[in-house]
Amino acid sequence: MKQRDFFFDNAKFILMAFVVFGHLLNTYIHDNETIYALYKTIYSFHMPAFILVSGFFAKGFYQKGYLAKITKKLILPYVIFQLIYAVYYYFLYQRSALTVDLLDPQWSLWFLISLFCWNIMLLGFSKLKPSIGIGLSIMIALLIGYMDNISNYLSLSRTFVFFPMFLIGYHLSKDHLKKLFTPKVRFASLGVMLVIFIGFYLNTDINYKWLLGSKPYAELEDATIVSMFKRLGFYGLSLISVFSFLSFIPRGQYFFTNWGKQTLYVYLLHGFFIRFFRESTIHDYFSNTESFIMLACLSFLITVLLSSEMIATMAQPIIELKATKTKRFMTRTKEYIKQAF
């Protein structure tokens, strides 16, 4: 049982590091074909895997108080960080006016409002047979792409497009995941990831925005019946990529395992680093293969820093609206002072 918990903590930390790395790489995707292929490969699995894992842990949605719990955990931080990021962007981009729109998620905050909606949608979809529910959710996602007015507003596009992945995670069991950890599967997964990377490298005209799930078909190409099948193809690609990635996640306890418990802190706070990085001249120093390895190391360091107890202690009152970590820190500090003097 503990090993399975370690697996998910490990997965969340590693995925979060890839999220940060992917956002840093975005600056260079139009300058380097290898980086562009790597970027699309990362985007084929990092958020879909996060969403699938979130669905796996949504099995208790029917419990008493669950709705109030996720509202406090997701919607309140969403509102708070909508305001914080609005102020931050006002100064960073030197805007003429401070504008706040709670219905238009700031950058990565879409995940919070979509995750809330996915949990609510389970009230209906969980009553259906898995095959019917997943099939219906995919059909809705395919058709929603033809509606040009459904985009970033309330994160509606991503909510519908990524819900099938959340629902698949909800229906997964630990026995299903155990099948990923055999040597044969891992060897095959390595080949799959290489093929996906090479495929993206050789087909540079593939628009990465297909992987974001945030745009209607009309913004990606001339919307035709083929567009629906393209999105269906990207679903298949992401599923294969997600399970291939998860097969490599270690199941034991490591130095980074506990950090996986605090990925929400990283997700909400790393945007300040990313936006500053893109607007500053720092990104000019990363221009060759060696420097991109350094960029990967920087991503890891940012992830470690923002998932540390120090940051959690300072940010918990804002993110979780409680101060248990702060009180624990103050208690420990007092004990250290008593011991010292």
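Conventions adopted
Residues numbered from 1 in each chain as written. Predicted model: local features only at pLDDT ≥ 70, side-chain atom pairs only at ≥ 80, totals over all residues. Heavy atoms only, no water. UniProt positions renumbered as here; feature names shortened; annotations may be inferred. Helix = DSSP H or I, 4+ residues; strand = E, 2+ residues; numbered from the N terminus. Buried < 20%, exposed > 50% of the residue type's maximum accessible area, 1.4 Å probe, protein only. 1 Å grid on protein atoms, 1.4 Å probe; cavity = no way out; pocket = protein on both sides within 12 Å on 5 of 7 lines; lining within 4 Å. Points joined across faces, edges and corners; volume = space filled by probe spheres on them. Nonpolar A, V, L, I, M, F, W, Y, C, P; charged D, E, K, R; others polar.

On to the UniProt feature "domain: Acyltransferase" (unreviewed entry) in the protein chain. Mapped onto this numbering, the UniProt entry gives "domain: Acyltransferase" (unreviewed entry) at residues 7-307. Taken end to end, residues 7-307 is 65% helix and 0% strand, and its first and last C-alpha atoms sit 17 Å apart.

What follows deals with unusual backbone geometry. Trans is the common state for peptide bonds, and a negative phi is the common state for residues other than glycine. In the Ramachandran plot, Gln 94 falls in the positive-phi region, its phi being about 50° despite a non-glycine side chain. For Gln 94, the position within the fold is in the loop between helix 4 (66-92) and helix 5 (110-125). Looking at Gln 94, the relative accessible area reads 72%, which means it is exposed. Of note, Leu 154 is a non-glycine position whose phi angle comes to about 55°, a positive value. Following the sequence through the fold, Leu 154 ends up in the loop between helix 6 (130-144) and helix 7 (156-171). The partly exposed category is assigned to Leu 154, whose relative accessible area is 26%.

The next point concerns the layout of surface pockets. Take a probe with the size of a water molecule and roll it over the atoms, and the empty space left behind shows itself. When its volume is computed, the largest pocket comes out at roughly 1,200 Å³. Taken together, 35 residues make up the lining of the largest pocket; nearest its centre are Lys 12, Lys 69, Lys 73, Lys 261 and Leu 264. Broken down by secondary-structure element, the contributors of at least two residues to the lining of the largest pocket are helix 1 (2-25), helix 3 (46-56), helix 4, helix 5, helix 11 (263-279) and helix 13 (309-319). Class assignment of the residues belonging to the lining of the largest pocket gives a composition of 17 nonpolar, six polar and twelve charged. Approximately 490 Å³ is the volume attributed to the second largest pocket. The wall of the second largest pocket is formed by 25 residues, among which Trp 107, Trp 110, Arg 158, Leu 212 and Ser 214 lie closest to the centre. Secondary structure elements with two or more residues in the lining of the second largest pocket: helix 1, helix 2 (33-43), helix 3, helix 7 and helix 11. Partitioned by chemical class, the residues of the lining of the second largest pocket number 13 nonpolar, seven polar and five charged.

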